[in-house]
Every structure is written in structure tokens, then in C-alpha cells.
Amino acid sequence: MLAKTAVDVGSDGVAVVSINNPPLNLLSLDVMISIKESIEGVLSRDDVKAIVITGTNRKFSGGFDVTVFGGKQEKKTKEELGFLSINFITDTLEAAKKPIIAAIDGPALGGAMEIVLACHARISTSSAILGLTELQYGVVPGLGGTQRLPRLVGLPKALEMMLMSKRVDGKEGQFLSLVDAIAPADKLLEVARRWALDIVEHTKPWVISLYKTDKLGTLEEARAILNSARMEVRRRNPNVEHPLVCIDLIERGIVSDPRDALWTETIAFHELRQSSTCKSLVHFFFARGQTTKISKMNLLPRNIDKVAVIGGGLMSSEIVALLLLKNYQVILKEQNREHLLEDLNKIRKNLYTHFKYGKTTQQGLEKALTLLKGVLDYDSFEDVDLVIEAECETLSIKQDTFTDLEKHCPPNCIFASSSSTFSLGLIGERTKCQDRIVGIDFFCLSPAMPLMEIVRTERVSSQAMADVLGFARKFRTTPIVVSDCNGQGVNSMVVTYLHASMLLAELGVDVYLIDQALKSFGMDLGPFRMIDMVGLKVFTEISRILVDRLPDRFYKPKLIPILQNANREGETTCKGFYKYDECGKAILDPELRKYTIKATSANSEEQLTKLSDTEIAEMILFPAYNEACRVISEGVVMRPSDLDVASALAMGFPTYRGGIHYWANKFESGYVYSKLKNWSGAYGGFFEPCEYITERSRGSTPVVSIHTFKLIVICMEQYTIGTFLQLSLSTLALFGSV
Ligand SMILES: C[C@H](O)CC(=O)SCCNC(=O)CCNC(=O)[C@H](O)C(C)(C)COP(=O)(O)OP(=O)(O)OC[C@H]1O[C@@H](n2cnc3c(N)ncnc32)[C@H](O)[C@@H]1OP(=O)(O)O
């Protein structure tokens, strides 16, 4: 078995203990025991004056392996619980009679950061990644982080870093006094060794973090800061407990004794790691990491610097503006001068809005404008890396464009269509470059566009997929890969969610009550506030395509035309479902009732008025889950967990519930079915449970669609065998076969 630490004692009397658990030097009980034994070993040697602790391969450590979190643990005695935090980190490492210095490059997160905090000084590279990220997994720091971080950086910063799982780099760490000195990677050990010897020679201070108090302020000040943090946590995350536990632990250490608080912390950590919140958040962490796992691991994405956009529709101007703000050179091609001028104007306005809302500076705005070029022909396409075709939905126009693109662009250029109507195979039918044709949807239904839906055909090459995934990452969006599905991917789940909200409002439920109920459930925004932010125009455009194609599956809201006639388009017109003041703050508008009553009276069905928050949330989220199940069983997405990620990023579904599929799958199989079936009887086919949910409620294995098998076959060509088997198993598990 590979040794989990390496020890090297130099002629200067400094021992270097390196954590050695590649690739990320993740921690486990074994690794911690190995570090403890190595440190005890060198502490007992007469030729060792000081110790430097670091990680092999330019990575300190990615913290504890979170795969072991969640689920029931065996009952532990107090001694067992305190073994790592008290016995090792506090009584062996921090209380050592020889100075121990942390030398940090790469990540030092979670438990690894807690080792670092207990060292007597910290030297890091400027790019090191430091943070206590435990709250991201539904637990609290379990190895003294709640006590030592506030004592090193002060309460406000420590709270921000812990409650938001915020990471800082080495440079910021130095500014915060978390890091004592910065060194280049190739000099890190040398500087750390010298620092250690300086402590031995009393020319540098020997700091014990646990008993520092100079950064804590008075008790009264500390209580005020902690209480305001509590209020903020209750406002933002009313349904989770662990952030409040974290604040209580910090307070306990300040008010009573930090060593006593270490015991409470270790017990709290072990309780929280068994919670369902922890399980859901760990599921979400891995689900998010999986979304990019689609092509051969060894393919590096090629650079995409210059992008051409063809057609300047409603969504294009926002996409072009975002590309420009991310420093891409963009060519916008239109069919005639009049359209081109109109589009360029829209883009300028869009950029200006970004500037107005502080999303870019004056300089950023000016630079963005220099990167944009409007054209009417293909003359400047000879060095573009990516073309995004966003023309009107006419097949012959798109086919002509792709034929022209093949002639005028370089042979590696990726061609992306944003069409939600035609299959990519049909659009590129007349070309010989189907291996470079993909679909891209920037997910305009979400105000922050945090997702990029990438449509993959059976013929697209692994390299082209790697390039587009690289582009998505550079664009700072999470890619969700879908099959060639005519726009029925993530959009259809989100549109169903918004349709269900509208339907409920048209059945008499107050719009603001709906938003409030969904917020209490944990959604970032209520659905109506979300539509206001996106704008009715964009919502109607996306919704119309789905309603036209699948009228039985989607709802045609009556409220929309009523609001559009009243010019209530959302934030852009300062009125939508809410009113907006000059600072853009949303205000409830009593006048809205006038319009909802019109839509309600157009509805002949039974009126709903007295629903609880839970009933409202279920009536809106179960239809969205129903649609997600259709999308999954049609083989549109690779894994159900992709829709968990999509639901969180696109709809604001709470990550502590794991994502929509993970959450709804936890109900008894018959529960969701019977609810949907009852609503379908009372309020129409929109609620009708899909085949997958129906089969599940009967306890039988739902049918796997031919598309899913197709998707698996595509993957066989692109995956390493191990990854392929893992994915196939998870796909089959979805259908209850394993
Ligand atoms: C007791 C303590 O208080 C509790 C704790 O320590 S909680 C844990 C704290 N640690 C973290 O939050 C680290 C999370 N990880 C990261 O941020 C990043 O992985 C990183 C910055 C460490 C490295 O990034 P990068 O080099 O891009 O590698 P990345 O692709 O993210 O990860 C590589 C693999 O390691 C896995 N991994 C990363 N950190 C992990 C962790 N802490 N536990 C389990 N698996 C982890 C990833 O899921 C990924 O798996 P895959 O290849 O099967 O998809």
C-alpha cells in the first residue's frame, strides 16, 4: 500500500512531512493517522528542530473525502470522537514543543485547512486555494475550524468564509493575516524551512491560534455580529440547521472556552454528517461535477477566441453582449443593413444596461464595443473558432447557412445552432461536417444564464464536444449535455414549472402567495418574480415553441396575453407581476388582481383558494418533476442528476434538497402519482402523470426508451470502459433495474 505521508529530514534540522494521497491528497482516518504518526516520529527525533507540513505534487490537500459523509454512522465514544480534533490537531500538532509550519500550494480546504490553522505559521503561494467549505456539504468544520479561523481573521471575515463556503487565494489570505508570507511555488519549501528556523531562533513569533483573542473584539461586539449573522441565515436559508449550529459553536468558544467548544464542535460535526441535508448536498456536489463528464478524459479543449453569431434575434443580443463582456472577439452577421444596424443598437443598449447595473465598468464597456464587428458577408470568417447560428426558424435558411459556413470557415471551426425546432441532422444535412455540428442553448430563461445546454448528435466528434465543454467552462456556465431533442431539455422542465404557477394563479391562488410559498420551500426566487426578471417576451417565445409542439404536455397561460396587452412585460417596463421602483426593487402591486381576476374568470374549472404552502409547492413542483421524468425516460439527458443540477441553477431549486429529481424520488412512489392523477382529474391533462411515474407507482420497472440506448451507444464510442460502465449502471439504476 502507498505510504500516506512522506518524511524528509534535512541537514538544517527541519523535517518536511508531506501528505501523499494522490491525486488531491484527500484526507481520511488512515491519512490522518499517518500524518499524526509522522509528526510524532519527527517530534521525538533529537536531530529535528522544526517541522514543515505540506502536500505532494503541488497540492496541500482537498480536505476530507466527502463520499463518506451522510448515512448512519456507528455510535462513537467521546474519546473516539475527539481523537482527530483534540488528541491529534490540538494536543499533538498545536501543542508541539517544536514549531510546525504549513507550506501551502494548490488547495487547502475543509479538514486540510483546519490542519493549516493549527500550525504555528503559514507560508503559501499566491494561487493557493484556502477555505472552510464544510457548510457546502451540510456539516460544520469538525477539526477546530469554527474556533481558530475567527481568531486569525476576525469574526466578520470568518463568518463570511464559513457561512458561504468562500475560498480565498494565498494573496487574499495574506491580506487577512491568515497567511504569514507568500512564496513562489519553487521557493515554497525553502521559505517555510527558513521561517521555521526563525521561530526556533525567536526572530519570528510562535503563534497558537486557539488562544489568540486580539481579533475578536469585545463580547458585546462579537454578540452583535453573531446575532446579525443569525438573522441573515434565517432569512436566506430558513429550512436548514447547520449554519446556525456553526454560529452557535463560534459563540460558545468566545463566551466560554475554545477547548470546550472543540468538543461541542466535534459532536455537532458527527451528528450533522448523518443528516439528510448533508446527504443531499453531497449528492449535489458530485452531480455538478458529473455534468462535464462526457468525452474522453484525455482530450484537451482547443482554444475558442473568436466567435461569429448569425442572426440577431431577441436572445442573440444578450448572448453577444455576454460574449463581449467575457472578452471574446465577436462577429455579428445579418442578412441586410437595416437588421444589422438594429441588432448592433440592441447589443449596445444591452451592454449599457450591464454597465448601468454595475456588471461592468466604463472601461469594460468601451473594450467590449471594440471587440464587436457587424458584417453582411462571410469575408471575415476565415479564422473564427465557433459560429453560433441563431436565425429565424426556417429550415431552408438554416441549411443554406450551414452550407456557406462549411465553405468559408476553417476546418476545425465548430458550428452551433440554437434552433429549438429542427434536428441538427436536418440542419446540417447538406454538409460534410456533421462531426462539428452541435446545438447550444444559453438558457435565457434564467436571469443569470448559469447553464449552457449543449446538444450532442450521434455524429459529433469527441474533440468537438471537448471544445464546446471547454468553451462553456470558460464562459463560467455549467454545461448540461442533451441529445438532439428539439428543445425539450432543461427548458421543458422549467417552462412546466412556470406554467404550473400560472395555472394555479388562474385557478384563483394569489400570485404573491405562490411566490411566498415557493420561497418558503427554499427556491431562490418565486416563479413570478423569475418571469419578471427574464421578461415576458423571452418567456412567451420559449413557451410558445413547446406549446405548439406538445399541446398535451404544456399549458397555454391566459394571463400572458392579458399582461402583454397592459404592457406589463416585467422589469424592463417597470411593471410585470410586480412593480419596480427606480432602484429596481420589486414591490407588490394591488392592481395586479385586476388582471388575474380576468384570467381566473376565463377559467371555468373549480377555483382554488385555500391551499397551504406545502400544497402550493407540490402542485407546482410535481408537474415539473413529471416533465423531468419524461425528459429522462426519453433519453434526452444522460443522467437524472443532470436535471438536479439544472433545477438548482435554472430554477433556483434548493441544493440542500439535492435537486428536483432527487427530492421528488424520496416520496413514496405512489404519493406523487396519486397527487398528479387527482389534479389531472380536477384541473386537466397538464397534470397527467407520465409513464415513468405511473410504472414506478405500480412498483414495476419503467420502460427504457430507445433514445436512452442510443445515448449509451454513442457513449461507448467516447468513454473509457470504466466510466462507461459507471454511467450505464447509473442510467439503469434510474429505471430500477439494479
Ligand atoms: C472534517 C472536515 O471539517 C470536513 C471536510 O474536509 S469537507 C471537504 C472539504 N473539501 C472540499 O470542499 C474540496 C472540494 N473539491 C474541490 O473544490 C476541487 O475538487 C479541488 C479544488 C480540490 C480540486 O479541483 P480540480 O483539480 O479541478 O479537481 P476536480 O475535477 O474538482 O476533482 C477531481 C475529482 O476529485 C473529486 N473530489 C474533489 N474533492 C473531493 C472531496 N473533498 N471528496 C471526495 N471527492 C472529491 C471530484 O469529485 C472529482 O471526481 P471525479 O474525477 O470522479 O469527477
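Keep in mind that what you see is a predicted model, and the values were worked out from it rather than measured. (Residues numbered from 1 in each chain as written. Predicted model: local features only at pLDDT ≥ 70, side-chain atom pairs only at ≥ 80, totals over all residues. Heavy atoms only, no water.)

### Observations regarding the sheet that holds strand β7 (residues 129-131)
Going by this rule: Strand pairing is defined by DSSP finding a minimum of two bridges between the two strands. Counting from the N terminus, the helices are the DSSP runs of H or I reaching at least four residues and the strands are the DSSP runs of E reaching at least two. Throughout, a contact is declared for two residues whenever any of their heavy atoms are within 4.5 Å. Whenever a helix is involved, its axis is fitted only over the stretch in contact; in every case the axis is a line through C-alpha atoms, and angles between N-to-C directions fall within 0 to 180 degrees.
Across the sheet, three strands lie side by side as β5-β7-β8; this open sheet has mixed pairing. In the strand order of this sheet, the two ends are held by β5 (107-109) and β8 (168-169), each with one partner. One ladder, built from three bridges, connects β5 with β7; its direction is parallel. The partner of Pro 107 across the bridge, within β7, is Ile 129. Sheet contacts for helix α3 (residues 111-118): β5 and β7; angle to β5, the most-contacted strand, approximately 90°.

### Focus on the pattern of salt bridges
We apply this condition: Only one rule defines a salt bridge in this text: a Lys or Arg side-chain nitrogen within 4 Å of an Asp or Glu carboxyl oxygen. Only protein chains enter the calculation, and the probe is 1.4 Å; a residue is then buried if its accessible area is under 20% of its type maximum, exposed if over 50%, and partly exposed in between.
The final tally for this structure, using the stated rule, is 40 salt bridges. Between Asp 343 and Lys 346 there is a salt bridge; the shortest N-O distance is 3.8 Å. Of the two residues, Asp 343 and Lys 346 are both situated in helix α13 (residues 337-356); the distance of three residues between them amounts to about one turn of the helix. Judged by relative accessible area, Lys 346 falls into the partly exposed class, the value being 32%.

### Some points on the packing of helix α4 (residues 145-153) against helix α5 (residues 155-163)
For clarity, the cut-off: Between 65 and 115 degrees an angle is taken as roughly perpendicular, under 35 as roughly parallel, over 145 as roughly antiparallel, and anywhere else as oblique. Here a crossing is called left-handed whenever its near helix is offset anticlockwise from the far helix by less than a right angle, and right-handed whenever the offset is clockwise. For this classification, Asp, Glu, Lys and Arg are treated as charged, while Ala, Val, Leu, Ile, Met, Phe, Trp, Tyr, Cys and Pro are nonpolar and the rest, including Gly, are polar.
With their axes 7 Å apart at the nearest point, α4 and α5 run at an angle of 135° to one another. Between α4 and α5, the interaxial angle falls into the category oblique. The interaxial crossing formed by α4 with α5 has right-handed handedness. On α5, the residues touching Gly 145, Thr 146, Leu 149, Pro 150 and Val 153 of α4 are Leu 155, Lys 157, Ala 158, Met 161 and Met 162. When the residues that make up the contact of α4 with α5 are grouped by side-chain class, the tally is seven nonpolar, two polar and one charged.

### Side note on the domain arrangement of the protein chain
This is how the line gets drawn: Per the annotation, domain bounds derive from an automatic or database assignment of domains.
Splitting the protein chain by domain gives domain 1 (5-274), domain 2 (306-487) and domain 3 (491-635 + 667-700). One C-alpha centre belongs to domain 2, the other to domain 3; they are set 30 Å apart.

### As for helix α19 (residues 511-521)
Our working rule: In protein, a polar contact means a hydrogen-donor-capable atom and an acceptor-capable atom, both N or O and within 3.5 Å, with residues adjacent in sequence counting only if both atoms are side-chain atoms; elsewhere, any N or O pair within 3.5 Å suffices.
When α19 is considered as a whole, its buried residues turn out to be Val 511, Tyr 512, Ile 514, Asp 515, Ala 517, Leu 518 and Phe 521. N-cap assignment for α19: the residue whose side-chain oxygen lies 3.0 Å from the backbone N of Tyr 512 is Asp 510. Looking one or two places after α19, you find Gly 522, whose phi comes out positive at around 125°.

### Section: the site of the ligand
Cut-off, in case you're wondering: Think of it this way: one heavy atom of a residue within 4 Å of a molecule or strand is enough to make that residue near it. Only the protein chains shown count as cover for residues, with accessible areas throughout obtained via the Shrake-Rupley method and a probe of 1.4 Å.
Every one of the 23 residues lining the ligand counts as a neighbour, but Gly 111, Glu 114, Glu 134, Tyr 137 and Lys 293 are closest to it. Contact with the protein chains removes 70% of the 990 Å² of surface that the ligand exposes when unbound. When residues of the shell around the ligand are traced back to their parent elements, those giving at least two are β5, α3 and α11 (276-290). The residue inventory of the shell around the ligand, partitioned by class, reads 12 nonpolar, six polar and five charged.

### So, the environment of Gly 439
Mapped onto the elements of the fold, Gly 439 is located in strand β15 (residues 437-441). A C-alpha to C-alpha distance of 14 Å links Gly 439 and Ser 462, two positions 23 residues apart in sequence. Setting aside chain neighbours within four positions, we find Gly 439 in contact with Ser 417, Leu 424, Glu 453, Ile 454 and Val 455.

### Remarks on the sheet that holds strand β10 (residues 306-310)
The strand order across the open sheet formed by eight strands is β12-β11-β10-β13-β14-β15-β16-β17, and the pairing between neighbours is mixed. The open sheet has two free edges, formed respectively by β12 (372-375) and β17 (478-483), since each of these has just one partner strand. Adjacent strand axes in the sheet meet at a mean angle of 25°, parallel and antiparallel pairs treated alike. Pairing between strand β13 (residues 386-389) and strand β14 (residues 414-417): four bridges, direction parallel.

### Description of the confidence of the model for the protein chain
The condition is simple: pLDDT is a per-residue confidence score from the predictor, ranging from 0 to 100.
In this model, the protein chain carries an average pLDDT of 89, and 91% of its residues clear a pLDDT of 70 or more. With pLDDT under 50 throughout, residues 703-738 is counted as low confidence; its partners more than four residues away or in other chains account for 62 contacts. Here the predicted complex carries an ipTM of 0.99, next to a pTM of 0.88.

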